[in-house]
Amino acid sequence: MLTHRERGRRGDEHRPAPWVRTRLRSARAAAALTAVLAFVTVLTVTALPRATDRGANSALAAFAQDRGVKATSLHLTARPRPDTPAADLDSARDRLVGQITGDLPLTRDGEHHGTRALTDRAVLNDGYDRPGGIAPQLHLLYLQGLAGHATLTDGAWPGPAAPGEPLPIAVSRRAADTIGLRVGDTVDSGPAARARIVGLYRADDPHDRYWQELPCPERACLKTLDGGGVRWETAGFASGDSRPALLAWGGGGEDFWRLPVDPHALRADRLAALRSGVGSYLAGSGAVRAAEVTGRPDLTIGTLLPEVLAEATARHRATAPLAAIGPAGVVGVAAVVLCLAAALAADRRTAELRLLRARGGSRAGILLRLLGENAVTVLPAAGAATALALVLLPTPRWTAAVLAAAAGTLLAVLALPVRAAALLSRPPGTGGPPEGARGSGRRRAVGELLVLAVTGAAVAEVRRRGAAPSASGPDPLLVTAPLLVALSGGLLLARIQPAVVGRLAALARRGRGPIAFLGLARSARDSGGRHRPAVLPALALLLAVTTAGFGATLLDTVDGARLRAARTAVGGDAAVLVPQDAPLPEAFVTAADALPGVRASTGVRIERQTYLLGAGRLAVQVTLVVVEPRAYAEIARTVGAGAFDPAVLADPAAPSDAAPSDTAPSAAARPDVPVPALISPGLAGQLTPGPQRLRTPGGELLATVVGTTPATPALPEAVREFVVVPVGAAAARLPELARPDNWFAVGDIDGDRLRPLFAARGLTDASGLAGLLREEAREVSEEPGGIPDGYLVRTARETAAALAADPLQHSTVRLFRSAAVAGVAFALLAVLLTVLRASPDRAAVLARLRTMGLRPREGLALIVVETVPQTLAAVAGGAVVAAGAVALLGPAFDLSLLVGAPVGDRPAPSLLPVLLPTAGVALLVCAAVVLEAAVSGRRQIATELRAGDRR
């Protein structure tokens with residue numbers, strides 16, 4: 001007899017092996033592929049929210065940074081306390097920062113505080129430079145930290161002011177050289193306002209945000225006065241110990257603190273909280289607390305941050321739906337791929353599952369074992385993918401990414417058990433009893449009709465109301481509508497494709513050779529040989545192609561609208577604009593007309609101080625545009641702003657055979673003969689009968705209205721009515737109108753050639769006061785090439801590039817393109833999974849055909865004919881669906897934020913933007929199919945020929 005211990009050992013020896021471990025050991029390749037697929041899918045869906053947040057946050061930071069420190073700072077002022085030391089300002093600053101940091105992120109970059117004099121005073125000393133005879137102006141301040149941002153070049157830093165002595169100050173070296181100041185000079189600004197220059201400094205970085213908003217701290221500025229004339233202005237700095245003397249010099253003053261908000265700490269998802277926090281410091285609890293911690297009841301806080309944050313919020317909400325469409329498409333394709341992989345795995349294991357069921361296994365037990373098998377494979381891979389995405393794409397917000405990862409993991413774990421449950425619920429056999437098949441078909445038809453109805457309702461609602469109001473954030477309906485259209489297209493394609501391919505197979509039966517017929521006949525059936533549509537592979541391709549085509553159409557529309565907006569803003573492909581009192585030299589106009597790429601060009605005279613007399617009871621101020629008709633008409637036609645026939649501006653006083661483009665004054669021209677004129681539509685109802693009188697600064701001009709034009713290239717944003725007249729006829733009456741102060745051209749014009757040409761020939765020589773004004777204009781100009789401020793050299797190409805340089809646009813476009821690539825990759829994976837699943841069955845068929853004389857090359861052709869039509873049909877269907885989605889949903893999209901300027905363009909179906917991604921996807925998928933057939937087909941056929949069909 002066996003002892004109790006021996007019976008226990010014998011029971012252990014016969015205990016069944018664990019299901020999951022045994023199954024994974026027996027199918028290691030399948031388990032590895034499942035883990036890889038789960039890893040890639042979860043990594044993608046986790047990375048998308050992180051990438052979206054990073055792009056939105058970086059765009060917000062760049063937007064705030066570009067607005068400057070003045071717009072992104074809290075400006076606090078209070079009445080000064082002369083009896084307190086300068087350290088009181090520092091401690092007040094520390095308390096303010098400690099109080100505000102809890103509500104708003106602050107930065108030291110650009111921060112400053114100090115005391116400024118209430119009144120700026122003139123420097124009355126003789127011997128200093130006085131352009132136009134006006135004395136220089138001096139601004140005095142105490143600025144904490146001055147020595148840390150400037151280097152002393154001469155003398156010493158100011159110290160405390162002695163009683164009865166001038167106030168010690170320091171000024172910049174550049175200002176001293178310009179005005180004539182020297183160390184040791186006593187600046188006389190009145191009986192009780194004297195200061196002594198004890199040091200000269202040089203700013204370490206004149207573009208440092210620390211200096212911004214201060215009155216000319218690092219040089220002398222030439223200021224134009226409202227009443228005429230100019231004067232030099234600069235700043236002088238006193239020490240903190242001299243604050244009482246500083247206040248006496250300026251007749252009072254104020255303490256100030258500038259606390260900049262850190263642009264890089266702003267988050268797009270917290271804009272509402274930021275606006276609330278800023279508002280509390282303007283009029284709320286924040287302002288009260290700030291006054292309490294500083295002990296300054298009169299503390300005043302001002303900022304432009306509400307406007308900046310409101311604009312940033314509007315920009316973010318306007319682009320959020322556009323930025324979400326691409327990632328939504330990727331998520332849709334990834335979900336389809338997971339479902340497809342689960343369906344293929346379940347179909348491959350159908351016999352195994354039915355055998356387990358037939359041997360007494362419960363359906364719940366089988367499904368639990370499949371769930372455990374899938375969990376052991378998927379969960380480690382999904383966890384690693386989530387951690388990797390969180391580490392590689394750091395961003396403060398992680399909730400959306402983790403939820404996306406959890407959803408992807410859940411789908412990857414449950415897809416196989418759910419599919420297996422559906423298989424086990426069917427009766428054994430090819431398709432179950434006819435009644436069951438009919439019921440399944442009815443349920444499927446009802447589901448498809450429901451999808452179509454939901455899609456139609458979504459499209460109708462989007463078209464009815466457009467994008468959601470800005471207060472509601474990203475519009476889920478606008479984001480999911482393209483995906484619903486693609487889903488409906490996939491269902492329709494799955495219904496149509498087998499019938500069409502079957503019809504093609506019937507036609508191919510009449511041809512020579514069996515390859516086309518066999519391939520098309522097999523293409524019209526699923527892996528079980530039934531006439532049932534294969535929805536998931538086609539749906540994956542449709543979603544990918546629709547997303548790529550839809551996004552490409554949007555971006556193409558944006559590019560076209562941006563170029564048109566740039567041309568409208570410039571007035572052509574290139575323009576040179578100068579002040580009216582400095583007309584363009586004739587040598588420049590001639591040289592510019594001869595530049596390579598210029599198709600049409602002309603000098604234009606714009607008289608803004610022109611009045612139309614006799615219009616109603618009062619004179620109407622208009623803008624007079626004097627043009628050469630033929631070239632200007634070509635420019636207007638190219639720009640799309642007020643195209644007209646140049647013949648209508650022909651001079652009636654000129655000989656009949658004279659061309660309208662003749663710019664020389666006609667010998668027959670007389671002042672009493674009106675010149676032809678085009679007017680803006682707003683003037684048409686104000687005119688009196690007969691010729692119109694135009695009064696310009698140089699005299700009067702009679703004009704006959706020959707037509708109206710809604711716009712004109714020279715005035716892209718006309719704020720008043722305008723009149724366009726030909727230069728030849730107008731200059732014959734008023735010769736000064738022949739001198740252009742603008743130049744416009746269309747064609748392929750390079751700004752790098754135009755700008756040096758203008759700097760060399762377009763600027764008239766200036767000396768004296770004009771030369772000083774020119775140098776000051778160069779100093780403050782943002783134009784490259786040493787062109788003064790007020791003189792503009794612009795090209796449409798550079799303007800479009802500047803419009804496209806917005807970080808928010810870059811983020812949205814980059815997200816679109818990345819999503820399109822990811823969607824195509826997942827669609828390609830779906831096709832490969834389908835091909836690999838059908839590979840054993842196809843190899844068996846080819847092996848049997850080889851025994852009947854089929855050659856290897858014909859076998860490869862059969863594989864291509866079988867698989868490529870399905871792929872091409874899905875890709876072509878995706879192109880059609882993408883074009884349809886653009887036509888249906890395009891009117892709901894406002895592209896102004898992506899363009900960078902207000903535009904009325906809406907996406908419309910276009911061949912090239914849809915064709916390029918469609919062709920790319922088709923080539924990739926076909927290449928993958930052919931490569932798989934060439935690599936694995938021969939090996940599997942050889943195996944079948946050696947071993948026979950063992951399935």
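Quick caveat: nothing in here was measured; it's all calculated off a predicted structure.

What counts and how
Residues numbered from 1 in each chain as written. Predicted model: local features only at pLDDT ≥ 70, side-chain atom pairs only at ≥ 80, totals over all residues. Heavy atoms only, no water. Phe/Tyr/Trp six-rings, centres within 6.5 Å; stacked < 30°, edge-to-face > 60°. Buried < 20%, exposed > 50% of the residue type's maximum accessible area, 1.4 Å probe, protein only. Lys NZ or Arg CZ within 6 Å of the ring centre and 35° of its normal. Helix = DSSP H or I, 4+ residues; strand = E, 2+ residues; numbered from the N terminus. Polar contact = N/O pair within 3.5 Å; in protein donor to acceptor, adjacent residues only side chain to side chain. Contact = heavy atoms within 4.5 Å. Patch = residues over 30% accessible without salt bridge, like charges linked within 9 Å, V, L, I, M, F, W, Y side chains within 5 Å. Areas by Shrake-Rupley, 256 points an atom, 1.4 Å probe, with all protein chains shown as cover. Salt bridge = Lys/Arg side-chain N within 4 Å of Asp/Glu carboxyl O. Core = buried A, V, L, I, M, F, W, Y, C linked by side-chain atoms within 4.5 Å.

Considering the packing of aromatic side chains
Here is step 1: Here the structure, examined in full by the defined rule, presents seven aromatic pairs.
Here is step 2: Considering the side-chain rings of Tyr210 and Trp211, the 5.2 Å spacing of their centres and the 85° angle between planes classify their relative orientation as edge-to-face. Comparing Tyr210 with Trp211 shows no difference in burial state: the two are buried.
Here is step 3: Just above the ring of Phe256 sits the side chain of Arg116; from NZ or CZ to the centre is 4.1 Å.

Things to note about the side chain of Thr234
Here is step 1: Along the polypeptide, Thr234 turns up in strand E10 (residues 230-238).
Here is step 2: According to the relative accessible area criterion, Thr234 is buried, its value standing at 2%.
Here is step 3: Of note is the side chain of Thr234, whose polar atom sits 3.2 Å from the backbone oxygen of Arg219.
Here is step 4: Beyond its immediate chain neighbours, meaning those up to four positions away, Thr234 contacts Gln137, Leu138, His139, Ser172, Ala175, Ile179, Pro215, Cys216, Arg219 and Ala220.

Quick word on a nonpolar patch on the surface
Here is step 1: Side chains of Leu492, Ile496, Val500, Leu504 and Leu507 sit close together on the surface and give an oily, nonpolar patch of about 420 Å² of accessible area.
Here is step 2: Within the secondary structure, Val500 sits in helix H15 (residues 476-508).
Here is step 3: Residue class for Val500 comes out partly exposed when judged on its relative accessible area of 42%.

Thoughts on unusual backbone geometry
Here is step 1: With a phi angle near 80°, Glu213 is a residue other than glycine that sits in the positive phi range.
Here is step 2: Following the sequence through the fold, Glu213 ends up in the loop between strand E8 (194-203) and strand E9 (221-224).
Here is step 3: We classify Glu213 as partly exposed; its relative accessible area is 41%.
Here is step 4: Positive phi, close to 50°, is recorded for Cys216, a residue that is not glycine.
Here is step 5: In this structure, Cys216 sits in the loop between E8 and E9.
Here is step 6: Among the residues examined, Cys216 registers a relative accessible area of 9% and is labelled buried.

Digging into the nonpolar core
Here is step 1: With 71 residues, the main nonpolar core has Val333, Leu541, Phe550, Phe893 and Leu895 as its most contacted residues.
Here is step 2: Ranked by the residues each element gives to this core, the list is headed by helix H17 (residues 535-570), at 14 residues.
Here is step 3: Val333 has contacts with Ala540, Leu543, Ala544, Gly823, Phe826 and Ala827, leaving out every residue within four places of it along the chain.
Here is step 4: Within the second largest apolar cluster, 56 residues are counted, among which are Ala92, Leu96, Trp257 and Leu305.

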